[in-house]
Structure formats: C-alpha cells, structure tokens
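Notes for the structure review
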Amino acid sequence: MYDTPEAKRLLKWIRLWMAAFLVGLVLSGVTAFPLVWEIKLLASLFGLPPDADPSAYSGMRAWIALVQQGIVQSDAKWPFLAYGTDWLAFGHLSIALFFGGVLLDPVRNIYTLRAGLAVSVLVLPLAFVCGPIRGIPFFHQLIDCAFGVAALLPLGICLHLTRRIEALQAARDRA
C-alpha cells in the first residue's frame, strides 16, 4: 500500500507528527494523576506559600492560590474526588490508543484524524460555555482552548498528508 517512495516519505511525516501529538496527549493525561503535587509546585513557582489565602492576591496568583486551596483541602477531606481526574487521565490514555492506529495505517484510520479534528474544535465551546458556569477565569479558559487549537496543527497536517497518500494510491490504481 505504501510502496512508492513518495508514499513512504509521506508516511514518515505522518508518523512523526502523530508521535508528537501522542506525546502531548499522553503527557496531558498522566499529569491529571499528581494534582496535589503539581499545584503545590506551581504555587511555589509563583511564590505562594502552601497556606496562601487567595483573597490576599490578585489575578493569576489569586487563581493559583484558590486552586491550591481547593485541591489540597479536597484531597485531605475527600480524596475520592480525585478519582474523577484519574478517569480523566485514563480517558486521555485510552484516546491515545485509537490514534495509534494512525501510526500503523493512516489511510485506513483517516476517520480517527477527522474525529480528532472535530473534537479539537469542540474544545472551544466547551471551555467557553462550561468555564463561566464553573467559575473558571477567562485566562484559564484560553489555556484550555490552547490545547484544542494546538492539536489542530499535527492532526490537520496528518489529514492533509493522508489525503495525498490516498490520491497517490488512486492514481496508481487507475494506471
């Protein structure tokens, strides 16, 4: 199927872009496990003490102090709530398995690329609708949207290159 030099070259680029996408997807998944450690690290990078009072700060520092307070307190009182983010992490890792099919055979798994692009676009309305409902600051909604927007590049490139391979195969089959 990928028997011409051009198809092999395109497949190599698809695999490179897909590998980069998968690394990002897996990393964004596994970082949902150690939330307490991560928020404490982030707070310390912003010069916030472990018991920072969010009302004593403004902007991003106030938000980080509030998130730190919420995550640390809920983990201490109700550790079962973190089970939800464990499932979030599992979801990322599960989705990565489906994109592994694109590494093996992008033409056969082109629907995965199309679905990934659609979901990446749908990150925006989710963030802008649910963010305000949940009290998420606008700057943080933009950070969440950046993940969807960033995914458009590798997925879009992979879809474009996969269509080029399809065209090469169609031309070969007509000949």
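Residues numbered from 1 in each chain as written. Predicted model: local features only at pLDDT ≥ 70, side-chain atom pairs only at ≥ 80, totals over all residues. Heavy atoms only, no water.

Digging into the nonpolar core
Nonpolar side chains in soluble globular proteins generally cluster together in the buried interior. Note the following rule: Only buried residues count toward a nonpolar core. Its members are Ala, Val, Leu, Ile, Met, Phe, Trp, Tyr and Cys residues joined through side-chain atoms within 4.5 Å. Think of it in three bands: residues with accessible area under 20% of the maximum for their type are buried, residues over 50% are exposed, and the middle band is partly exposed, with areas taken using a 1.4 Å probe on protein chains only. Helix numbering and strand numbering both begin at the N terminus, where a helix is a DSSP run of H or I of at least 4 residues and a strand a DSSP run of E of at least 2.
One finds M18, F21, F99, L113, L155 and I165 to be the most contacted residues of the largest nonpolar core, which totals 22 residues. Only α1 (5-30), α4 (82-104), α5 (110-133) and α6 (138-174) provide two or more residues apiece to this core. Here this core takes 8 residues from α1, the largest share from any one element. Grouped together as the second largest cluster of nonpolar side chains are 6 residues, A43, A52, I64 and A65 included.

Topic: α1
Here is the rule we go by: Expected helix span is computed as 1.5 Å times (number of residues minus one). We call two residues in contact when some of their heavy atoms are within 4.5 Å.
Taking 1.5 Å as the rise per residue, α1 with 26 residues should run 38 Å; its terminal C-alpha atoms sit 37 Å apart, in good agreement. Along α1, the positions that sit buried rather than exposed are A7, L10, L11, I14, M18, F21, L22, L25 and G29. In the core, the buried residues of α1 are packed alongside α4, α5 and α6.

What to know about the packing of aromatic side chains
In plain terms, the rule: Only rings of Phe, Tyr and Trp enter the pairing, Trp through its six-membered ring, and a pair is recorded when the two centres are within 6.5 Å. The plane angle decides the type: under 30 degrees is stacked, over 60 is edge-to-face, the rest tilted.
Summed over all chains, the structure comprises 4 aromatic pairs. When the centroid spacing of 4.9 Å and the interplanar angle of 65° are considered together, the rings of F21 and F99 count as edge-to-face. Residue F21 is located in helix α1, and its partner F99 is located in helix α4; the two are separated by 78 residues in the primary sequence. The same class applies to F21 as to F99, namely buried. Taken together, the ring pairs in this structure connect Y83, W87 and F90 into an aromatic cluster.

Just geometry here; none of it tells us what the structure is for.
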